[in-house]
Amino acid sequence: MTATTRSAPGEESPDGPRTATAAPPRRRSRARPRALVPWGFVGPFLALFTLCFVLPILYAVYQSFIQIRRYGLFGEEGRETVFAGLDNYTRALGQETFVDSIGRVLLFGVVQVPVMLGLALVLALLLESASARWPGFFRALYFMPYGVPGVVASLLWGFLYVPGLSPILDVAGLVGLEPDLLGPSGVLWSIANIITWMFIGYNMLILVAQLKTIPGELYESARIDGAGPLQTAWNIQLPLIRPALVLTTIFSIIGTLQLFAEPQILAAFTVNIDSAYTPNMAAYNSAFTDNDYNVAAAQSVVVALTAFVLSFGFLWLVNRKDRRR
């Protein structure tokens, strides 16, 4: 065996001159810019999300815990901001009209949400059936009401609810029916009709998108096993679109508690809708009619917490049933 000798970089070896080898590039210096690339895409969204969503919520929570005290008859002697604790929440929940509005929208949601999602599910299953004709045309047709602004839709249906102007009421009168669509017991369900008309196509498209992800092999296997359309829908389609059903339900729960534009517009057609008919209308009235922004902030926080509890309570029930299976 012969011993090999190594020469230092730049020195000549016994076999001849050798050139110095370059050091390998540092991987860390290259990895850092690459790690920042995803943040370049996500960063603008996070900035806008924080500015337009997180900060307003935090500011509303802050306003709900303070009060502004003015000194003098018109506040000419100055004012100060003091910590109010839960006083604003006590005053908000002490308003009978606000508590009634929460109960009203909860009743609205218990009836309207299942009806709307049930109709959306039926339409989605019919449009995705093998015998459906012109599904693209009917999808667009059912989705069109969602493109109508809520104010315009409320004005449209408001005139259809007024006796003497509504052809619907005229036709009902021919068969001896005289429904009072804007009466004390009917106005809430007239609002529900507007919401259902507007959002049934939106929820239908979400369900259709989930239905399109089901592999065709499952349908073929069901046909070979002799399953009919109802059996295929119950045993294959419904279980596989359950995530979409959960999503649309949560969206509908949150949207129910945010009800504002439709009753606000219909209030011009009837005296049965007051300024605190829904929780959002009550908060709006507290802020811009009573000039009590702190109570309005407390009412808004109560509405947000109610939506949070209902949404996550529904998710908890769904996950609990899944774990039992």
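For the structure itself, look to the data block above.
Keep in mind that what you see is a predicted model, and the values were worked out from it rather than measured.

Visitor: I keep staring at the side chain of glutamate 262 and nothing clicks. Help me out?
Guide: Following the sequence through the fold, glutamate 262 ends up in helix 11 (residues 261–266). No salt bridge is formed by the buried glutamate 262; its nearest oppositely charged neighbour, arginine 104, is found at 14 Å. Contact partners of glutamate 262, with chain neighbours within four places excluded, come to Gly150, Ser154, Ile191, Ile194, Ile195 and Met198.

Visitor: How should I be thinking about a nonpolar patch on the surface in this particular structure?
Guide: Taken together, the side chains of Leu36, Val37, Trp39, Phe41, Val42, Phe45, Leu46, Phe49, Phe53 and Ile57 make up a nonpolar region of the molecular surface, amounting to roughly 1100 Å² of accessible area. As for its position among the elements, valine 42 is in helix 1 (residues 27–64). A relative accessible area of 37% places valine 42 in the partly exposed class.

Visitor: In this structure, what is going on with the packing of helix 4 (residues 135–143) against helix 7 (residues 187–211)? I would like to understand it.
Guide: Any two packed helices are characterised by the angle at which their axes cross and by the distance between the axes. Running from N to C, helix 4 and helix 7 cross one another at 140 degrees; their axes reach a closest spacing of 8 Å. By the criterion of interaxial angle, the relationship of helix 4 to helix 7 is oblique. Once helix 4 is placed against helix 7, the crossing between them reads as left-handed. Along its contact with helix 4, which presents Arg139, Tyr142 and Phe143, the element helix 7 presents Gly201, Tyr202, Met204, Leu205 and Val208. Residue classes in the contact of helix 4 with helix 7 are distributed as six nonpolar, one polar and one charged.

Visitor: How do you make sense of helix 6 (residues 167–174) when you look at a structure like this?
Guide: Quick reminder: α-helices carry 3.6 residues per turn. Residues three or four places apart thus point the same way. The N-cap of helix 6, judged by a side-chain oxygen 3.2 Å from the amide nitrogen of isoleucine 168 a few residues on, is serine 166. Once helix 6 ends, the next one or two residues include glycine 176, with phi positive near 85 degrees.

Visitor: Is there a simple way to explain the packing of aromatic side chains in this structure?
Guide: Two aromatic rings are characterised by how far apart their centres lie and by the angle between their planes. Counted according to the given criterion, the structure contains 17 aromatic pairs. Aromatic pair phenylalanine 65 and tyrosine 89: ring centres 5.4 Å apart, planes at 50 degrees, arrangement tilted. Residue phenylalanine 65 is located in the loop between helix 1 and strand 3 (66–70), and its partner tyrosine 89 is located in helix 2 (residues 87–93); the two are separated by 24 residues in the primary sequence. Note on tryptophan 157 and tyrosine 161: the rings are 5.9 Å apart at their centroids and 35 degrees apart in plane angle, and the pair reads as tilted. Residue tryptophan 157 and its partner tyrosine 161 are both found in helix 5 (residues 150–161); the two are separated by four residues, about one turn of the helix. In this pair, the class of tryptophan 157 matches that of tyrosine 161, namely buried. Among the aromatic residues, those joined into a cluster by ring pairs are Phe143, Tyr146, Phe199 and Tyr202. The side chain of arginine 104 reaches across the aromatic face of tyrosine 277, ending 4.4 Å from its centre.

Visitor: How should the nonpolar core be read in this particular structure?
Guide: Side chains that are nonpolar tend, in soluble globular proteins, to be buried together. By size, the foremost hydrophobic cluster in this structure holds 19 residues, and its most contacted members are Ala124, Met204, Leu207, Leu211 and Ile214. Among the elements of the structure, helix 3 (96–127), helix 7, helix 8 (216–224) and helix 9 (229–240) are those that each provide at least two residues to this core. Excluding residues that lie within four positions of it along the chain, leucine 207 makes contacts with Ala120, Leu121, Ala124, Ala244 and Leu245.

Visitor: Can you help me understand the pattern of salt bridges in this one?
Guide: Should the charged atoms of two oppositely charged side chains come close, the side chains can pair. As enumerated under the stated definition, the model contains four salt bridges in all. A salt bridge links arginine 91 to aspartate 292; the shortest N-O distance between them is 2.3 Å. Highlighted residues: arginine 91 in helix 2 and aspartate 292 in the loop between helix 12 (279–288) and helix 13 (293–324), separated in sequence by 201 residues. Notably, a salt bridge pairs lysine 212 with glutamate 128, separated by 3.3 Å at the nearest N-O pair. Of this pair, lysine 212 sits in the loop between helix 7 and helix 8 while glutamate 128 sits in the loop between helix 3 and helix 4, and the two are 84 residues apart along the sequence.

Parameters at a glance
Residues numbered from 1 in each chain as written. Predicted model: local features only at pLDDT ≥ 70, side-chain atom pairs only at ≥ 80, totals over all residues. Heavy atoms only, no water. Helix = DSSP H or I, 4+ residues; strand = E, 2+ residues; numbered from the N terminus. Buried < 20%, exposed > 50% of the residue type's maximum accessible area, 1.4 Å probe, protein only. Lys, Arg positive; Asp, Glu negative; His and termini not counted. Salt bridge = Lys/Arg side-chain N within 4 Å of Asp/Glu carboxyl O. Contact = heavy atoms within 4.5 Å. Patch = residues over 30% accessible without salt bridge, like charges linked within 9 Å, V, L, I, M, F, W, Y side chains within 5 Å. Areas by Shrake-Rupley, 256 points an atom, 1.4 Å probe, with all protein chains shown as cover. Axes fitted to C-alpha atoms, helices over the stretch in contact; angles between N-to-C directions. Parallel < 35°, antiparallel > 145°, perpendicular 65-115°, else oblique. Left-handed = near helix turned anticlockwise from the far one by under 90°. Nonpolar A, V, L, I, M, F, W, Y, C, P; charged D, E, K, R; others polar. Polar contact = N/O pair within 3.5 Å; in protein donor to acceptor, adjacent residues only side chain to side chain. Phe/Tyr/Trp six-rings, centres within 6.5 Å; stacked < 30°, edge-to-face > 60°. Lys NZ or Arg CZ within 6 Å of the ring centre and 35° of its normal. Core = buried A, V, L, I, M, F, W, Y, C linked by side-chain atoms within 4.5 Å.

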